[in-house]
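Observations on the model geometry
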Amino acid sequence: MSKSINWGILSTAHINNALFPGFKKSRRNKLIAVASRNLEKAQVYARENGIPQAYGSYQELIDDSHIQAIYIPLPNHLHAEWAIKAAQAGKHVLCEKPIALSLAEMDGIQKAAEQYSVIIQEAFMYRHHPQTLRVAEIFQSGSLGEIGLIRGSFSFTLRRQDDIRMIAEYGGGSIWDVGCYPISYARHLIGSLPQKVIGHQVTATTGVDLSFNGIMQFKPGLHAQFDSSFAMNSYRQIEIRGKDATLVIPEPFLMKKKSIIHILSNGSEYTETFPAVDEYYLQLENMADAILEGSSQRVTLQDSRDNTALILALLESARLEQPVELV
């Protein structure tokens, strides 16, 4: 088996910029092609970013036999379609979140990954950061005492009303865009789906949730709360409340600089500091580990299916204005 992976990117989306440094640093992941629906746009983008090959359609890139893996940063409603098409062409896939907008789409992705023996992973980059791994270790150690509450937030002000994230049929809304992060964080730590959820939303004129608040009951005495919004100031945090101590993560998702976690107990505070690392690079390396060495994925498709099911239940609860049971 080759010791490196040739990658292609579907579209010239802004999020690509976050991965470029990781591709340049990695010895095993090589970015060799980009596709746009407009060939000239793809060619200009390729020249500006030092990408060898440009294509004027997504399918052309997928059909390139020199490419082994595809990164998909397309609008949300196109993720499942192109992840499945890439898998059918024998390509491994790293797909931006949310990887799917329905359980039927998730079933199609899981079936394609199994049928064509490819790795498909949802791009929750924070899951690869040493800070996240350490938080999970502390959570599992029991040092916080019995956990009663996990609280998470992710919000920012979306000023453009014509932004694609405001279009309902494109999978828009704050919960799909940023609420998925604290939802994923809590569910990952606890290791299961909640038994029941309650969701409340403020709906924009376009029909998407402008802001969302959710409560997730995992078992008696253990709850998770989250809020997401396109209408509030930029804010991100996770707080884990235990019987003996509280763990606060001021920046749980976008650790661009060194990061700090705080453990508060009986008036005292203990902190741990993590050096700045590129979590997008670590995400690419995890893909390489899985593809080249058969190592486990940090974000499995079952993990993604559970997150999709949970978000759908929260949206249903908000629509019905009543609790929704999952298990």
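Here goes a summary of the coordinates provided.

1. Observations concerning the nonpolar core
Among the nonpolar cores identified, the biggest contains 77 residues, and Trp 7, Ile 150, Ile 175, Met 216, Ile 240, Leu 247 and Leu 314 are the most heavily contacted of them. Looking at which element gives the most residues to this core, the answer is helix H7 (residues 174-190), with ten residues. Not counting chain neighbours up to four residues away, the residues in contact with Leu 314 comprise Ile 175, Ile 183, Val 197, Ile 198, Gly 199, Phe 212, Gly 214, Ile 215, Met 216 and Phe 226. With 29 residues, the next largest nonpolar core counts Leu 61, Cys 95, Ile 99 and Val 118 among its residues.

2. Digging into unusual backbone geometry
Cis geometry marks the peptide bond from Lys 97 to Pro 98, where omega comes out at -10 degrees. Of note, Pro 98 is situated in the loop between strand E5 (92-95) and helix H5 (103-115). The phi dihedral of Ser 11 falls on the positive side, at around 100 degrees, and the residue is not glycine. Inspection of the secondary structure puts Ser 11 in the loop between strand E1 (5-10) and helix H1 (16-25). Backbone geometry places Ser 117, a non-glycine residue, at a positive phi of 55 degrees. Examined against the element boundaries, Ser 117 turns out to sit in the loop between H5 and strand E6 (120-122). For Ser 117, a relative accessible area of 62% translates into the label exposed.

3. Topic: the packing of H1 against helix H8 (residues 279-293)
At a closest axis distance of 8 Å, the pairing of H1 and H8 adopts a crossing angle of 55 degrees. With respect to H8, the axis of H1 lies oblique. Seen along the crossing, H1 lies across H8 with a hand that is right-handed. Mapping the contact onto sequence places Ala 18, Leu 19, Gly 22, Phe 23 and Lys 25 in H1 and Tyr 280, Tyr 281 and Leu 284 in H8. Along the lines of polarity and charge, the residues of the contact of H1 with H8 split into six nonpolar, one polar and one charged.

4. Thoughts on the environment of Ser 184
Mapping Ser 184 onto the fold places it in helix H7. Residue Ser 184 is classed as buried on the basis of its relative accessible area, which comes to 0%. When the C-alpha positions of Ser 184 and Asp 306 are compared, they lie 9.0 Å apart, and in sequence the two are 122 residues distant. Ser 184 has contacts with Phe 124, Tyr 126, Arg 127 and Asn 307, leaving out every residue within four places of it along the chain.

5. Concerning the pattern of salt bridges
Inspection of every chain in the model, using the stated rule, returns 18 salt bridges. Between Glu 293 and Arg 28 there is a salt bridge whose closest N-O contact spans 3.1 Å. With Glu 293 in helix H8 and Arg 28 in the loop between H1 and strand E2 (29-35), the pair connects residues that are 265 residues apart, well separated along the chain. The class for Glu 293 is exposed, based on a relative accessible area of 54%.

Procedures and definitions
Residues numbered from 1 in each chain as written. Predicted model: local features only at pLDDT ≥ 70, side-chain atom pairs only at ≥ 80, totals over all residues. Heavy atoms only, no water. Core = buried A, V, L, I, M, F, W, Y, C linked by side-chain atoms within 4.5 Å. Buried < 20%, exposed > 50% of the residue type's maximum accessible area, 1.4 Å probe, protein only. Helix = DSSP H or I, 4+ residues; strand = E, 2+ residues; numbered from the N terminus. Contact = heavy atoms within 4.5 Å. Axes fitted to C-alpha atoms, helices over the stretch in contact; angles between N-to-C directions. Parallel < 35°, antiparallel > 145°, perpendicular 65-115°, else oblique. Left-handed = near helix turned anticlockwise from the far one by under 90°. Nonpolar A, V, L, I, M, F, W, Y, C, P; charged D, E, K, R; others polar. Salt bridge = Lys/Arg side-chain N within 4 Å of Asp/Glu carboxyl O.

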